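# Secondary and tertiary structure notes
Here are the chains, one letter per residue:
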Amino acid sequence: MTKRWLALAALLLAATAGALSASAASATDPLTLDAGYVTDQAQVLSTDDEATVEARLQELTDNSSADLFVVLVDDFTNPSDNAEWADTVAQENNLGSQQYLLAIAVDGRSFYISAASDGPLSFSQIDSIEDKMVPFAADGDWVGAITLAADEIQGDGGAGALRIGLIVVAVIAAGLLIWLVVVLVRRSRRNAEIRRRGAMPEKPDPADPFSTLTDQQVETQAGLALVQADDAITSSKEELGFAVAQFGEGATEEFTRAVEVAKAKIAEAFDLKQKLDDEIEDTIHDRRAWHIRIIRIADEIDDVLDDNTEAFDALRKLEQNAPQELERVRAERAALTPVLASAAPALTRLSSVYDAAALSTVADNPAQAQERADLADRSIEAAAQAIVAGRSGEAAFAIRTAEQSVAQAAQLAQAVTTLGAELSAIETQSQALVAELQADLAAAQQLPDTSGTIAAAASATAQQLQLAQADLASSARNPQRVLEALTAANAQIDAAIAQGRESVERSRRVQQMLEQTLAQANSEIRAAREFIETRRGTVGSTARTRLANAEASLTQALNLRASDPDAALAEANRSLALAGQATSAAQSDVQAYNSPGYEQGGWGGPFGGSGSSSGGSGLGGDILGGIIGGLLAGGGGGGSSSRRSGSSGWRSSGGGGFRSSGFGGGGGSRGGGRSGRSGGRRF
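Residues numbered from 1 in each chain as written. Predicted model: local features only at pLDDT ≥ 70, side-chain atom pairs only at ≥ 80, totals over all residues. Heavy atoms only, no water.

## Examining the overall build of the protein
Tallying secondary structure elements over the protein gives 18 helices and seven strands in all. The buried share of the protein, reckoned over its 683 residues, is 36%. Once local pairs closer than 6 in sequence are excluded, the contacts in the protein between residues at least 24 apart make up 75%. Here the protein displays about 36900 Å² of accessible surface, and carbon together with sulfur accounts for 54% of that area. (Helix = DSSP H or I, 4+ residues; strand = E, 2+ residues; numbered from the N terminus. Buried < 20%, exposed > 50% of the residue type's maximum accessible area, 1.4 Å probe, protein only. Contact = heavy atoms within 4.5 Å. Areas by Shrake-Rupley, 256 points an atom, 1.4 Å probe, with all protein chains shown as cover.)

Right under this line is the structure:
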């Protein structure tokens, strides 16, 4: 009997131990999610099933503003409540307000969707989704349950994106239709305005006096102008006939040409008027342009005939006062004699100093002036004879000819003296430019010239300067040619000097920026080094690598500081950027090890800390971080065999659809209400 009871007790003990062992093996603490959307710790999904689910969850991310992550475990523990367990995982994995976590306990027969209170879906919608998932979970159809949750979050079984697309297309189509209607209405109004205004410009042009006139006004003005021009030509022809009879054809030859020009212009105007009146249909723009042309032709005719009238009046005045005008011209001719006498000697003196090319414009001026003086003498004699004979018209024409000849002779003689003064002034300018160029050459030698541009310009300028000085010292010089060459050389050397000075200024600015950047980089590196060294137990390899590269770039910048400031500045900027990255990476590592999972586990007590993450890791955090870091680096433990190879202990932004920033940023607040919903279902 005793043996029987002992056997029964042994069996009960074995059963209890097996149950306890099984319970311990199936329970799972809050964990770190794998790199994709699905973390299958329970190993209930096949490879194809997991690929299907990953694809559906990626589609949800692409077609909506929400993400859904799924974790399947045997059972929940620490905490065992499904809501608390799921919310803990969501918080520790930094899920944002638009990111949901579906936690399924396969053996525990329960599931829960962790959601933030400010997420896209209300809690009542989440409850409805969980109700619809129960039949699938009860049948062990995990793919169906997850797919249904994704469909419901996206909306209408995945048709929400299609509806949104259709709405967008409809809005675009409506916008295009409204735009088309507006364009057509504007075009219709514009056409009506064009028909009302004709070819008149929409906006007046200050440079166009006709831009304010309508087509009808332009047509009326053209008709009046054509009639007035034709009447003026008729009157001028009558006046010309009287003048020919009075002064002779020779005296009125210029007036005859003016009338012929006016007649040719009026013929063009009549041709345009004929085109406007014929049976051929013309555009409104052509008609307006032709009417405006008629008006302008009439104005040109008026100008020509007005000049003709003024000349006639002057000739009649000469005729009326012929004796007095003849004496005036004789006095002008007498005053011309000393001017003519000085022209030839002046030209001779200039020829002994300047090159013939420099005097080419006045080489024959003395001879030409003498010819004009002889013509004046003959005209004065003819005028005197005509006055005695009573031919006042011929006398007036001869007086005018003598007057013009005296004026031209004086101008030709004075041009020689004027040119001499101008050449002397040009010589003075050339000498001043020589001094300026010598100063420029001296300044060019003081500028840096790595490319040789300044040296080339200085060499060319020096050559031109030597030639110019030789030319100015010769007995047959050409000041104009020298000034042109010196001006070109001055422009060349000025450009080179400006480029050199710009290079000097740029070098100064680069050096100034280099010193500032070196100081900033050195300060940033020092701060990053101190931060990492005092928290080396929690800082990973990324921050240390960035810091080492920053220090190497700073050293390179210091080596190039004197020989190549541009390259040194580039290295200094790189050093500054790497130092900033090192600081950021180190701070992220420290924040990661100070996550809520560690804060609430009581790690601070044994080392005298409080467990708070707000002020750095503390001594306990550094020691504990070093131990954990060594384990994660391969020092011990192994971890769960159900985790897929290649998964990271922390979720990275490169993982499937993860949107939150590194540690609690982006996507919403970590404390944004992942509590307060009593939900979850058993199946």
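## A word on the pairing of strand E6 (residues 110-114)
Among the five residues that make up E6, five are buried, leaving the element largely enclosed by the rest of the structure. The alternating pattern of E6 places Ser 110, Tyr 112 and Ser 114 on one face and Phe 111 and Ile 113 on the opposite face, and all of these are buried. Across five bridges, the pairing between strand E5 (residues 99-105) and E6 is antiparallel. What sits directly across from Leu 101, in E6, is Ser 114. Of the strand pairs in this sheet, E6 and strand E7 (residues 681-682) are connected by two bridges, and their pairing is antiparallel. Each residue of the ladder has a partner; that of Ser 110, found in E7, is Arg 682. (Pairing = 2+ DSSP bridges.)

## Observations concerning a nonpolar patch on the surface
On the surface, a cluster of nonpolar side chains totalling about 580 Å² of accessible area is made up of Leu 177, Trp 179, Leu 180, Val 181, Leu 184 and Val 185. Along the chain, the position of Leu 184 falls in helix H6 (residues 160-197). Leu 184 sits in the partly exposed class, given a relative accessible area of 47%. (Patch = residues over 30% accessible without salt bridge, like charges linked within 9 Å, V, L, I, M, F, W, Y side chains within 5 Å. Salt bridge = Lys/Arg side-chain N within 4 Å of Asp/Glu carboxyl O.)

## As for the packing of helix H10 (residues 322-351) against helix H11 (residues 365-389)
Packing of H10 against H11 brings their axes to within 10 Å, and their N-to-C directions diverge by 160°. It follows that H10 is roughly antiparallel to H11 by the angle criterion. Of the two elements, H10 crosses H11, and the hand of that crossing is left-handed. Where H10 approaches H11, its residues Ala 322, Pro 323, Leu 326, Val 329, Arg 330, Arg 333, Leu 336, Leu 340, Ala 343, Ala 344 and Leu 347 are matched on the opposing element by Pro 366, Ala 369, Gln 370, Ala 373, Ala 376, Asp 377, Ile 380, Ala 383, Ala 384 and Ile 387. Here the residues of the contact of H10 with H11 are counted per class, giving 17 nonpolar, one polar and three charged. (Axes fitted to C-alpha atoms, helices over the stretch in contact; angles between N-to-C directions. Parallel < 35°, antiparallel > 145°, perpendicular 65-115°, else oblique. Left-handed = near helix turned anticlockwise from the far one by under 90°. Nonpolar A, V, L, I, M, F, W, Y, C, P; charged D, E, K, R; others polar.)

## Describing the sheet that holds strand E2 (residues 38-40)
In space, the five strands of this open sheet follow the order E2-E3-E5-E6-E7, with mixed pairing throughout. Looking at which strands have only one partner, the edges of the open sheet turn out to be E2 and E7. Where strand E3 (residues 67-73) meets E5, seven bridges bridge the pair, whose relative direction is parallel. Paired with Leu 68 across the bridge in E5 is Tyr 100. Packed onto the sheet, helix H4 (residues 123-138) meets E5, E6 and E7 and runs at close to 150° relative to E6. Seen against the sheet, helix H5 (residues 142-154) touches E3 and E5 and runs at an angle of roughly 155° to E3.

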